[in-house]
Amino acid sequence: MSDKKPPRQVRPSFTDQEALAFHSQGKPGKLEVNPTKPMATQRDLSLAYSPGVAVPVRAIAENPALAYTYTTKGNMVAVISNGTAILGLGDLGALASKPVMEGKSVLFKRFADVDSIDLEVDTKDADAFINAVRYLGPSFGGINLEDIKAPECFIIEQRLKELMDIPVFHDDQHGTAIIAAAGLFNCLKLTDRSITDTKLVVNGAGAAGIACVELVKAMGFAPDNVLLCDTKGVVYQGRTEGMNQWKSAHAAVTDKRTLADALQGADVFFGLSAKGALTADMVRSMAPNPVIFAMANPDPEITPDEAHAVRDDAIIATGRSDYPNQVNNVLGFPYIFRGALDVHATSINMEMKVAAAQALAELAQEDVPDEVATAYQGARPRFGREYIIPAPFDPRLITRIPVAVAKAAMETGVARKPIADLEAYRAQLSARRDPVAGTLARLFDKVRRSPKRVVFAEGEEEAVIRAAASFVNQGLGTAILVGREDRVEAAAAFAGVELREGMQIQNARISPRTNAYAQYLYDRLQRHGYLMRDCIRLASVDRNHFAACMVAMGDADAMVTGLTRNYSIALEDVRRVINDKPGHCVIGLSIAIARGRTVLVADTAVHDMPTSEQLAAIAIEAASVAKRLGYEPRVAMLAYSTFGHPEGERAERVRDAVRILDKQRVDFEYDGEMGADVALNRDAMALYPFCRLSGPANVLVMPAFHSASISTKMLQELGGATVIGPMLVGLDKPVQIVPLAAKDSDLVNMAVLAAANIGG
Ligand SMILES: NC(=O)C1=CN([C@@H]2O[C@H](COP(=O)(O)OP(=O)(O)OC[C@H]3O[C@@H](n4cnc5c(N)ncnc54)[C@H](OP(=O)(O)O)[C@@H]3O)[C@@H](O)[C@H]2O)C=CC1
Ligand SMILES: CC(=O)C(=O)O
Ligand SMILES: [Mg+2]
């Protein structure tokens, strides 16, 4: 134990303004509804709506199980709240809970491909709430209750479970309990404790606290070793103040009255209460190797830094993502519902919860594959004090938890559609995972672990200043803003951004490095028509040249530009200063994400009319970045024609590129030439059984710049795709160029791609 370490200051990784802008940008909120069937022709309409729709209507009326076949029911979960316990913020009402509920819906989709809609029910009356929800069963495959305070949440959940034939799951109770139990059992193992003598104190006798107590007791904790506390202190037998039947069920025979009393010599603390509820003195009084889960959100009962300052033998977890050991129900609800939905479960029972907790605990004990290694802070995580539970972006969660839950559902008779082949099910689950979100998160983590100096060439622009501030606030490194001090300061003031530590201004006109940069440029450009005075002008006046020189000469690690100058001009500026990587081909690669599917598109920036050799080189560069991003590349060499039809000069060039790849014996899947429909649509590809791609392509090599640029922009504008990039690949130093209309968040993403050197 030590009293010496001062608590580190926790820096928020974003400002309030950024959080508001995130939610208001583009379409307000975080969700939208998209049709999954074509609605283009009269025939489509008559099938989708009257009269065609009458056919499934009759079929479902005759056999209700067919609702899972003909409607969205089987993959649709409602996230329902009345806003009476929003995170740890308290009762702020149904409407104010909507951002959290939309967030939960988005997490369902992102992590487990479950479609979800949020419903905010504006009543605090349990009966009224039950009545509002009980009749919604036909619409959904499951009901996820969220942020409803105790004790009403117990009545509501119990009653809805009785009334409805689909899973009703109060996430704050069971989701939290499952994750906390998984983490706890791993901590017992790490600290060599036995389940029967470990003393647990749970602070917070609400939804989450009571459910945690119930689950750990069901899993083997001795009731006498569990003390529950709330705002009135210990819940003891005979207490009358602030009691209810759910607290009474766990009232202990004890003479301890306060949380401080309860924690004397306790092994484990679970905080499901409020910010700051655990003091340093209380932590000091706990048993050796104390386990502290401070799970209140958004601010924990005690920060890990504060707890470690008094006890360096403690294992600490919080509900937050910015510390190791995030014990948060996000690790559970998407996957638990995935498993329950896939067997058409009627409920989520105790066995399914225990199975989920065990699967989660076991996953943390396993060796982490390379693919996952970078998802964690620090070096490759190994089961231990700083890694008691997998991180939310762990791609193995989607294949493990649902299988465990579905299996338990089948074994306990609540599965209406049992799965015969669980291995095949596991394979299907992995296809639901899209690596991009995880990859971006991993890249952010990678940079956070090894922060970089990124030079933002257009430092006088408001969006750039906001991005630079966000980059620094997120602990990603130092942001160097190129610009005149007075202009940068004025733009920062206008943007409401404080130029804080970690943000530096470099004025090219007066920088002591400008002469060295001019000399560097002169050495490179003297035989390309540039005089020394031209180079002095480039270095002292042109922000792209100055910033690129900083990177070339080691004064910065990476560069971002592009907001004020066309892509091709910015690229020319940069290539005047920085070489291509030897043996590589400089290309632009865009990541297009649409309808949960991601494709990489190349070359979206550099080669106007690539030759066959260049197309082959583009394919090789794109495939190697795809691998770095976590994909097994399946490269389609696109054209207007498919395997020889129709004939034409451009298609012939693409065919030649495929022959070149054949000769080079590259180590990834590729084929072509083919149309985009054949590349992306399994049925269209099936017409060509000789096609060497094992599934729809995830890397599209376009025949020329125009088709690459036009198709990605159309995807973005008409298809609602999110397009990241073009990402510059193949330069000797990391530089990224954003499109002219980039927002601050695009700039931060590109700064991270540059800092992580993903294009190198
Ligand atoms: N990490 C995670 O995944 C999750 C974390 N949580 C967090 O747990 C907390 C509680 O949520 P939930 O159970 O849904 O809310 P509830 O409103 O149902 O329960 C809150 C409980 O906390 C108690 N409490 C509040 N302040 C204190 C305090 N200072 N000291 C002791 N007890 C206190 C209340 O006591 P009383 O009964 O006397 O009023 C009540 O028992 C929130 O901070 C929430 O963010 C919740 C779910 C998931
Ligand atoms: C994480 C969560 O659900 C909560 O804090 O309420
Ligand atoms: Mg919650």
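These figures come from a predicted structure and were not determined experimentally.

### Focus: the nonpolar core
Phase 1 of the analysis: Core analysis: the largest hydrophobic core is formed by 104 residues, its most contacted members being Ile143, Leu145, Phe270, Phe293, Met352 and Ile401.
Phase 2 of the analysis: Per-element tally for this core: the top contributor is helix α8 (residues 171–190), with 10 residues.
Phase 3 of the analysis: There are two domains that each give this core at least three residues, and those are domain 1 (47–166) and domain 2 (174–433).
Phase 4 of the analysis: Those residues in contact with methionine 352 that lie beyond four places of it in its chain are Ala340, Ala345, Ser347, Val405, Ala408, Ala409 and Val414.
Phase 5 of the analysis: The next biggest cluster of nonpolar side chains, apart from the first, holds 71 residues, and it includes Ala479, Ala619, Ala742 and Ala754.

### Concerning the sheet that holds strand β11 (residues 452–456)
Phase 1 of the analysis: Reading across from one edge, β13-β12-β11-β14-β21 is the order of the five strands in this open sheet, with parallel pairing throughout. The two strands at the open ends of the sheet, each matched to only one other strand, are β13 (503–506) and β21 (735–737). With strand direction ignored, the average angle separating the axes of adjacent strands in the sheet is 20°.
Phase 2 of the analysis: Bridge count between strand β14 (residues 558–561) and β21: three bridges; the pairing is parallel. Residue pairing in the sheet places threonine 561 in a bridge with isoleucine 737 of β21.
Phase 3 of the analysis: Its contacts with the sheet put helix α20 (residues 462–473) on β11, β12 (477–482) and β13, and the angle it makes with β12 is roughly 160°.
Phase 4 of the analysis: The sheet contacts of helix α25 (residues 567–577) involve β14 and β21, and relative to β21 the element is tilted by about 160°.

### Comments concerning the site of ligand 2
Phase 1 of the analysis: In the vicinity of ligand 2, the contacting residues are Leu87, Lys104, Glu146, Asp147, Asp172, Asn297, Asn328 and Asn329.
Phase 2 of the analysis: When the free accessible area of ligand 2 is taken as 220 Å², the share hidden by the protein chains comes to 86%.
Phase 3 of the analysis: For the shell around ligand 2, the class distribution of residues is one nonpolar, three polar and four charged.
Phase 4 of the analysis: Both domain 1 (47–166) and domain 2 (174–433) contribute no fewer than three residues apiece to the shell around ligand 2.

### Some points on a nonpolar patch on the surface
Phase 1 of the analysis: A cluster of nonpolar side chains, namely Tyr49, Val53 and Val57, defines an oily patch on the protein surface of about 300 Å² accessible area.
Phase 2 of the analysis: For valine 57, the position within the fold is in helix α3 (residues 54–62).

### Focus: the coordination of the magnesium ion (ligand 3)
Ideal geometry at a metal centre gives angles of 109.5 degrees when four donors are arranged tetrahedrally and 90 or 180 degrees when six donors are arranged octahedrally.
Phase 1 of the analysis: Protein ligation of the magnesium ion (ligand 3) involves Glu146 (OE), Asp147 (OD) and Asp172 (OD), the donor distances falling in the range 1.9 to 2.1 Å.
Phase 2 of the analysis: We note that the donor set of the magnesium ion (ligand 3) lies within a single chain, spaced as E-D-x24-D. Taken together, the positions of aspartate 147 in the loop between β3 (142–145) and α7 (152–163) and aspartate 172 in helix α8 put the pair 25 residues apart, joining distant regions of the chain. Of the two residues, aspartate 147 and aspartate 172, both sit in the buried class.

### Observations regarding the site of ligand 1
Phase 1 of the analysis: Taken together, 26 residues sit near ligand 1, with Ala205, Ala208, Thr231, Lys247 and Asn329 positioned nearest.
Phase 2 of the analysis: Between an oxygen atom of ligand 1 and a main-chain N or O atom of alanine 205, the distance comes to 2.9 Å.
Phase 3 of the analysis: A distance of 3.0 Å separates an oxygen atom of ligand 1 from a polar backbone atom of asparagine 297.
Phase 4 of the analysis: Bound to the protein, ligand 1 loses 81% of the 920 Å² it would expose on its own.
Phase 5 of the analysis: Within the shell around ligand 1, the residues separate by chemical class into 11 nonpolar, 11 polar and four charged.
Phase 6 of the analysis: Shared between two domains, the shell around ligand 1 holds at least three residues of each, these being domain 1 (47–166) and domain 2 (174–433).

### Considerations on the confidence of the model for the protein
Phase 1 of the analysis: Per-residue confidence for the protein gives a mean pLDDT of 92, with 96% of residues at or over 70.
Phase 2 of the analysis: With pLDDT under 50 throughout, residues 1–11 is counted as low confidence; its partners more than four residues away or in other chains account for 28 contacts.
Phase 3 of the analysis: Across the predicted assembly, pTM comes out at 0.75 and ipTM at 0.98.

### What to know about the pairing of strand β6 (residues 226–230)
Phase 1 of the analysis: Within β6, five of the five residues are buried, which leaves it mostly tucked inside the rest of the structure.
Phase 2 of the analysis: As paired strands, strand β5 (residues 200–203) and β6 are joined by four bridges and run parallel to one another. Paired with asparagine 203 across the strands is cysteine 229, a residue of β6.
Phase 3 of the analysis: Regarding the hand of the β-α-β motif, the stretch spanning β5, helix α9 (residues 207–218) and β6 is right-handed.
Phase 4 of the analysis: Pairing of β6 with strand β7 (residues 233–234) involves two bridges; the strand directions are antiparallel. For aspartate 230, the partnering residue across the bridge sits in β7 and is glycine 233.
Phase 5 of the analysis: The antiparallel hairpin formed by β6 and β7 contains two residues in its connecting segment.

### Describing the packing of helix α22 (residues 514–525) against helix α23 (residues 532–541)
Phase 1 of the analysis: Here α22 crosses α23 at 130°, and the two axes come no closer than 8 Å. Here α23 runs oblique to α22, going by the angle between their axes. Considering only the axes of α22 and α23, their crossing is right-handed. Contact residues: α22 offers Thr514, Tyr517, Ala518, Gln519, Leu521, Tyr522 and Leu525, while α23 offers Met532, Cys535, Ile536, Leu538, Ala539 and Ser540.
Phase 2 of the analysis: Taken together, the residues that form the contact of α22 with α23 break down as 10 nonpolar, three polar and no charged.

### Some details on the environment of alanine 427
Phase 1 of the analysis: By the secondary structure assignment, alanine 427 is in helix α18 (residues 422–431).
Phase 2 of the analysis: Given the relative accessible area of 46%, alanine 427 is considered partly exposed.
Phase 3 of the analysis: Sequence separation of alanine 427 and threonine 399 is 28 residues, and the distance between their C-alpha atoms is 7.6 Å.

### With respect to the domain arrangement of the protein
Phase 1 of the analysis: As assigned here, the protein comprises domain 1 (47–166), domain 2 (174–433), domain 3 (442–577) and domain 4 (587–730).
Phase 2 of the analysis: Listed as interface residues are five residues of domain 3 and, on the opposing side, five residues of domain 4.
Phase 3 of the analysis: When the two sides are added together, the surface that domain 3 and domain 4 hide from each other amounts to roughly 410 Å², 69% of it contributed by carbon and sulfur.
Phase 4 of the analysis: Seen at the junction of domain 3 and domain 4, the total is zero salt bridges.
Phase 5 of the analysis: Taken together, the links from domain 3 to domain 4 amount to one residue pair in polar contact (both at pLDDT 80 or more).
Phase 6 of the analysis: Those elements that provide at least two residues to the side of domain 3 that touches domain 4 are α19 (435–449) and α25.
Phase 7 of the analysis: Tallying contributions element by element places α25 first for the side of domain 3 that touches domain 4, with three residues.

Cut-offs applied
Residues numbered from 1 in each chain as written. Chains lettered and ligands numbered in written order. Predicted model: local features only at pLDDT ≥ 70, side-chain atom pairs only at ≥ 80, totals over all residues. Heavy atoms only, no water. Core = buried A, V, L, I, M, F, W, Y, C linked by side-chain atoms within 4.5 Å. Buried < 20%, exposed > 50% of the residue type's maximum accessible area, 1.4 Å probe, protein only. Helix = DSSP H or I, 4+ residues; strand = E, 2+ residues; numbered from the N terminus. Domains from an automatic or database assignment. Contact = heavy atoms within 4.5 Å. Pairing = 2+ DSSP bridges. Axes fitted to C-alpha atoms, helices over the stretch in contact; angles between N-to-C directions. Near = heavy atom within 4 Å. Areas by Shrake-Rupley, 256 points an atom, 1.4 Å probe, with all protein chains shown as cover. Nonpolar A, V, L, I, M, F, W, Y, C, P; charged D, E, K, R; others polar. Patch = residues over 30% accessible without salt bridge, like charges linked within 9 Å, V, L, I, M, F, W, Y side chains within 5 Å. Salt bridge = Lys/Arg side-chain N within 4 Å of Asp/Glu carboxyl O. Donors = N, O, S within 2.8 Å, 3.2 Å for Na, K, Ca; no water. Polar contact = N/O pair within 3.5 Å; in protein donor to acceptor, adjacent residues only side chain to side chain. pLDDT = per-residue confidence, 0-100. Right-handed = clockwise from strand over helix to strand, strands pointing away. Parallel < 35°, antiparallel > 145°, perpendicular 65-115°, else oblique. Left-handed = near helix turned anticlockwise from the far one by under 90°. Buried area = accessible area lost by both parts, 1.4 Å probe.

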